[in-house]
Amino acid sequence: MIDFTSEQLERYSRHILLQDVGVEGQAKLLGAKVLIVGAGGLGAPAALYLAAAGIGTIGIVDSDTVEISNLQRQVVHFTKDIDMPKVESAKEKMLAINPGIEVKTYQECLNADNIRAIIRDYDFVVDGTDNFPTKFLVNDACVMDNIPFSHGGILRFDGQTMTVVPGKSACYRCFFRKPPPPDAVPTCSQAGVLGAIAGMLGTIQAAEALKYVTEVGELLTDTLLSFNAKTMNFRKVTLQKQKNCPICGENPTVTELIDEEQALTCNLRQY
Amino acid sequence: MQITINGEDQQLDDARLTIAQLLQVKDVESPDMVSVQLNGEIVDRSRYDATEISDNDHVEFLYFMGGGTFA
Ligand SMILES: [Zn+2]
């Protein structure tokens, strides 16, 4: 058990006051390692809340630099950060909120060759990527290495998220078998997103990470939560682990990591 | 027939319909961006033409959503 300093007791007092969390739960958070893939619309709020919550080690992966069009929703980046690597910009804010944590940065693109070496060190992964090849790669690597993760996606006024505990609950491929054909993915001119939706979804993903680490409540496993911000309708669709899932089913056809055909990422990059 | 789509009861004029036809009838913009769940099971995309829906079926259109940022 960690000996809390009086500063820590005060900083985390609103967690410690929660009966379900308490000092034990806070100690688990401080001992936990969470990886955030993508320092964008979803990763930004997740990074801020996980840092504030005192997740002891947070990794953040992103190869991009901050652009002015990011600032409409990627709230971890400020106007002064334009042209700075996103991982550095995010790290600066996370440590400003909470200097008591460690932030590890990976300024690179995740691919079939490097992903397992990166995720291996973490207890939980928050997927905040915008493109389907990487989403499938994160799913496949996490299933292979038994690392729980949160899937998140947003589009225009909609959001969806699910939590995957490999071996126990349905994975992303149980729902979505393979990436959509690149030419079907909405183009730059068609797509867009209401900025606050990224915040709604990224904070749900952060909450799932905190719930997983503290073992509080029920995770969004075997459940795809979707919402539409125009109506503010939230729906849960349940799905058990599928026997014919290409990776976690009985006769898996996905047995090694591959880099799926890259959709023109310009389109989804706009998110 | 009467079916449920994404939790809403829907009356359809057609007596017989495949998943592929249902996607058309319901004006689903880009069927490639949808995963279809029929009565709790995911239907393989290659079987949309061969799979028929019937009265009282529960259908979910699950949309592919990206978002976040490119990593
Ligand atoms: Zn699966």
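Residues numbered from 1 in each chain as written. Chains lettered and ligands numbered in written order. Predicted model: local features only at pLDDT ≥ 70, side-chain atom pairs only at ≥ 80, totals over all residues. Heavy atoms only, no water.

### With respect to the packing of helix H3 (residues 22-31) of chain A against helix H9 (residues 195-214) of chain A
All names here are of chain A. Applied cut-off: Angles here are taken between N-to-C directions and fall from 0 to 180 degrees, while the axes themselves are lines fitted to C-alpha atoms, restricted in helices to the stretch in contact. To qualify as a helix, a DSSP run of H or I must reach at least 4 residues; to qualify as a strand, a run of E must reach at least 2; elements of each kind are numbered from the N terminus. Every angle not falling under 35 degrees, over 145, or within 65 to 115 is termed oblique; those three ranges are roughly parallel, roughly antiparallel and roughly perpendicular. Each helix crossing is assigned a hand: it is left-handed if the near helix lies turned anticlockwise from the far helix by less than a right angle, otherwise right-handed if that turn is clockwise. It only takes one pair of heavy atoms within 4.5 Å for two residues to be counted as in contact. Any residue that is not Ala, Val, Leu, Ile, Met, Phe, Trp, Tyr, Cys, Pro, Asp, Glu, Lys or Arg is counted as polar, Gly included; the first ten are nonpolar and the last four charged.
With their axes 9 Å apart at the nearest point, H3 and H9 run at an angle of 110° to one another. Relative to H9, the element H3 is oriented roughly perpendicular. The handedness of the crossing between H3 and H9 comes out as right-handed. Mapping the contact onto sequence places Gly25, Lys28 and Leu29 in H3 and Leu210, Val213 and Thr214 in H9. Among the residues making up the contact of H3 with H9, the classes are represented as three nonpolar, two polar and one charged.

### A short note on the side chain of His77 of chain A
All names here are of chain A. This is how it is decided: A 3.5 Å cut-off defines polar contacts: any pair of N or O atoms within that distance qualifies, except that in protein one atom must be a possible hydrogen donor and the other a possible acceptor, and neighbouring residues in sequence count only when both atoms are side-chain atoms.
Mapped onto the secondary structure, His77 falls in the loop between strand E2 (57-61) and helix H5 (86-97). A polar contact of 2.7 Å, which involves the side chain of His77, links it to the side chain of Ser89. In this view, His77 contacts Ala39, Val66, Leu71, Lys86, Ser89, Ala90 and Lys93; residues no more than four positions away in its chain are not counted.

### Brief notes about the pattern of salt bridges
Residues and elements named next belong to chain A. Our working rule: When a carboxyl oxygen of Asp or Glu is within 4 Å of a side-chain nitrogen of Lys or Arg, the pair counts as a salt bridge.
Tallied over the entire structure, the rule returns eleven salt bridges over all chains. Between Lys80 and Glu92 there is a salt bridge, with the nearest N and O atoms lying 2.6 Å from each other. With Lys80 in the loop between E2 and H5 and Glu92 in helix H5, this residue pair connects regions lying twelve residues apart in the sequence. For Lys211, the salt bridge identified is with Glu208, shortest N-O distance 2.6 Å.

### Examining the interface of chain A and chain B
Note the following rule: Defined in terms of a 1.4 Å probe, buried area is the accessible area two parts forfeit on being brought together, summed over both.
On the chain B side, the residues contacting the 53 residues of chain A number 23 residues. For the chain A and chain B pair, buried surface summed over both sides reaches about 2,700 Å², with 59% attributable to carbon and sulfur atoms. The closest approach of N and O atoms between Glu60 of chain B and Arg235 of chain A, which form a salt bridge, is 2.7 Å. Viewed at the interface, chain B and chain A are joined by seven residue pairs in polar contact (both at pLDDT 80 or more). A per-element tally of the side of chain A that touches chain B places strand E5 (residues 149-155) of chain A first, with five residues. Here the residues of the side of chain A that touches chain B are counted per class, giving 24 nonpolar, 18 polar and eleven charged.

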